[in-house]
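This is what each chain is made of:
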Amino acid sequence: MAARNPESMRAAIRLENVVVQYPYEINRATSLKEYFVRRLKRDIRTSYLTALDRVSLEIHPGETFGVIGRNGAGKSTLLKVIARIIFPTYGRLQVWGNVASLLGIGAGFHPELSGKENIYLYSALLGRSQAFTEKHMDGIIAFAELEDFIDSPIRTYSTGMTARLGFAVAMADRPDILLIDEVLGVGDLQFMQKCVARFQEFQTQGTTTVVVSHSLPDIERMCQRAIWLHQGQTLAGGTAAEVVQAYSASTAAVPDAS
Amino acid sequence: MTEKALQQEQAGTRPYYDSAAPRNRVADELREVLRYRDLVRNLVRRNVTARYKRSVLGVFWTLLDPLATMLTMAVVFTALFAKSIPGYPVFLLSGIVIWNFFSQASTQAMMDFVYSGSLVVQVYMPRSVFAFSSIGTHLVNLLLASIPLFLIAIFVGTPITPALLFLPVSLLLVALFTLGTGLLVSALAVFFADMINIFNIALQLLMFLSGVFFSVDAMPAALQKIIFLLPTYQMVTIFRYPIYIGQLPPLDSLLYFSGWTLVMLALGLYVFTRLSDMYAYRV
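Residues numbered from 1 in each chain as written. Chains lettered and ligands numbered in written order. Predicted model: local features only at pLDDT ≥ 70, side-chain atom pairs only at ≥ 80, totals over all residues.

What should I look at first to understand the overall build of chain B in this one?
Scanning chain B from terminus to terminus reveals 13 helices and 1 strand. Reading chain B from its N end, one meets helices and strands in the order α-β-α-α-α-α-α-α-α-α-α-α-α-α. Each principal axis of the C-alpha atoms in chain B carries an extent, and together these give about 75 × 50 × 40 Å. Within chain B, the proportion of its 283 residues that are buried is 39%. Long-range contacts, defined as pairs at least 24 residues apart, comprise 77% of the intrachain contacts of chain B with a sequence gap of at least 6. (Helix = DSSP H or I, 4+ residues; strand = E, 2+ residues; numbered from the N terminus. Buried ≥ 20, exposed ≤ 12 C-beta atoms within 10 Å, placed from the backbone. Contact = placed C-beta atoms within 7 Å.)

Whenever I open this one, the overall build of chain A confuses me. Can you help?
Helix and strand counts for chain A stand at 8 helices and 9 strands. Considering only contacts within chain A whose residues lie at least 6 apart along the sequence, 73% involve residues at least 24 apart.

In this structure, what is going on with the interface of chain A and chain B? I would like to understand it.
One widely used convention gives an interface's size as the accessible area the parts lose upon coming together. The partner chain B presents 32 residues to the 39 residues of chain A that form the contact. Listing elements by their share of the side of chain A that touches chain B, those giving two or more residues are β1 (13–25), α1 (32–41), β4 (90–95) and α3 (115–125) of chain A. Taken together, the residues that form the side of chain A that touches chain B break down as 23 nonpolar, 13 polar and 3 charged. The pairing of β4 of chain A with strand β1 (residues 17–18) of chain B spans 2 bridges and is antiparallel. Within β1 of chain B, the residue paired with valine 95 of chain A across the bridge is tyrosine 17 of chain B. (Nonpolar A, V, L, I, M, F, W, Y, C, P; charged D, E, K, R; others polar. Pairing = 2+ DSSP bridges.)

For this particular structure, what's the right way to read the environment of leucine 267 of chain B?
Residues and elements named next belong to chain B. Mapped onto the elements, leucine 267 comes out in helix α12 (residues 251–274). The partly exposed category is assigned to leucine 267, around which 14 C-beta atoms lie within 10 Å. Each C-alpha atom, one on leucine 267 and one on threonine 181, is 8.5 Å from the other, the two residues being 86 residues apart in sequence. Apart from the residues within four sequence positions on either side, leucine 267 is in contact with Gly180 and Leu184.

What should I look at first to understand unusual backbone geometry in this one?
A negative phi holds for most residues other than glycine; trans holds for most peptide bonds. Residue and element names in this part refer to chain A. In this structure, arginine 54 is a non-glycine residue whose phi angle is positive, near 50°. Tracing the chain through its elements places arginine 54 in strand β2 (residues 46–59). Arginine 54 sits in the partly exposed class, given 15 other C-beta atoms within 10 Å. In this model, glutamine 231 sits at a positive phi of 50°, which is unusual for a non-glycine residue. The residue glutamine 231 is located in the loop between β8 (225–230) and β9 (233–239) in this model. In this structure glutamine 231 comes out as partly exposed when scored by C-beta crowding, with 14 C-beta atoms within 10 Å.

Could you clarify how one ought to interpret the nonpolar core in this entry?
Most often, soluble globular proteins keep nonpolar side chains buried together rather than apart. One finds Ile82, Leu179 and Ala226 of chain A to be the most contacted residues of the largest nonpolar core, which totals 137 residues. The leading source of residues in this core is helix α5 (residues 88–114) of chain B, at 16 residues. Taken together, domain 1 (10–98 + 212–253) and domain 2 (105–173) of chain A each give at least three residues to this core, which thus spans both. Ignoring any residue separated from it by four or fewer positions in sequence, one finds leucine 179 of chain A in contact with Leu79, Ile82, Ala83, Val99, Ser101, Leu102, Leu103 and Val210 of chain A. (Core = buried A, V, L, I, M, F, W, Y, C linked by C-beta atoms within 7 Å. Domains from an automatic or database assignment.)

I would appreciate a short explanation of the packing of α5 of chain B against helix α11 (residues 231–245) of chain B in the present structure.
Geometrically, a packed helix pair is captured by the angle between its two axes and the distance between the axes. Residue and element names in this part refer to chain B. As a packed pair, α5 and α11 sit with axes 9 Å apart at the nearest point and diverge in direction by 135°. Judged by the inter-axis angle, α5 sits oblique to α11. Note on packing geometry: the crossing formed by α5 with α11 is right-handed. Each of Val90, Phe91, Ser94, Gly95, Ile98, Trp99 and Phe102 in α5 lies in contact with α11, whose residues at this interface are Thr232, Met235, Val236, Phe239, Arg240, Ile243 and Tyr244. Partitioned by chemical class, the residues of the contact of α5 with α11 number 10 nonpolar, 3 polar and 1 charged. (Axes fitted to C-alpha atoms, helices over the stretch in contact; angles between N-to-C directions. Parallel < 35°, antiparallel > 145°, perpendicular 65-115°, else oblique. Left-handed = near helix turned anticlockwise from the far one by under 90°.)

Any chance you could explain the pairing of strand β7 (residues 208–212) of chain A here in plain terms?
Regular strands show a simple pattern: their side chains alternate between the two faces of the sheet. Residue and element names in this part refer to chain A. Taking burial as the measure, the 5 residues of β7 include 5 buried ones, the bulk of the element. Alternating residues of β7 divide into Thr208, Val210 and Val212 and Thr209 and Val211, and every residue in both groups is buried. Pairing of strand β3 (residues 64–68) with β7, which is carried by 4 bridges, proceeds in the parallel orientation. Paired with phenylalanine 65 across the bridge in β7 is valine 210. Sheet analysis places strand β6 (residues 177–181) next to β7, joined by 5 bridges and oriented parallel. Within β7, the position partnered with leucine 178 by the bridge is threonine 209.

Put into structure tokens, the structure is as follows:
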């Protein structure tokens, strides 16, 4: 837990010229034999899809930072780089603080295990200790509003119940940095409001938040600053209002089919 | 540490994570697995309990399943080999128990990783937790399968000797050897789906060559020489000796297998971590 003094920190997240290239072979060899035959013939062509193209940005501690752009612009890739799921092909990522992401909420849930067993499993997947989870178990169950079903296997849960369970686990601990990818639409209105209240609580305690969303009003309301990604490049950056305005102006000219 | 990094640390702003920091991939991976040890523990629990969740007998199947297989094999093979190998059921079962550990743990390490799909793409965790947890899972299964094994040993009248105290050492070596193998095949299987089938066939072939079912004494001398070189044959030997013969394993088997364990572990860790930046694109 080094370096947690916000006074002396200039950034919570810094990206310098980050490039992410997804390799894809046009004629990918799917078997060993094919691979060696092609290798001998020198017939392996690898192409790269550049998902992020020299993105540089600095997100300040405690700030809520928005990322907008069309589908395939590289927004999710950006979050995955910050979450350390993808290692940048070039460039440098620096992160001050522990990162929690609301990507893939409930990934790793096992349908045959009970709600409680899945809380332990998912919480451990997020890097928390068994002791932490035990301590927060009651709070998690209460937040998910699943007191009556917590010992039933989650294959019997509805989609909403499963999502609530995932959120409750993910939000049990205040992270230094929180990554949100278009997930606020899950669950009913009441539960959503509870999540938003929890986010705000985190933020007042100093959590830095990065939000990816297609909802421009949400970005404008929640974020202080934002960037607009287009085909992996930063088209605009600045205050959320400015960036949203620039983005809406462009989409008004060229209607977004998606 | 570079001067700049030093300055930053003194200013209290050393990053939690820096992609440009020098990486020691193997050490980083092992440190992260240690940090995620509770995840490994939870995955082991999931693997052991979830499998039989819907059955009436539940976890008892982990005990009954190998028992049934062992008894079937014992009946069939005893009829074939009983005359040439005294105390044959114990010879056979000790071989099957350790072989199943090796083949099932390494296979599951590979399958769990290849089919972890959404997990590896959506959540950060040290990728080798799947290999570690499948070793843990099958160590639990091995302990459970040992209960019928020792009951049968007592029933058949195999002497119980202090040599059994050596078994944890044998097991540790086998577990590390299996971990190395599991990591290696996991990494390769991500890039070549064929690896899954190739490894399966290799395991079947190795099982027959590793003296699980019959003593290699019955084989032609030339073949014996090759078999002695197989690490899996020595693996079976160092586990079987304390149980079946009631003596410490031969020193040359032990040293030879230890050498293989080191090589496989180093190779598995090296290849797995070397390729790990690519998994998020491939799995």
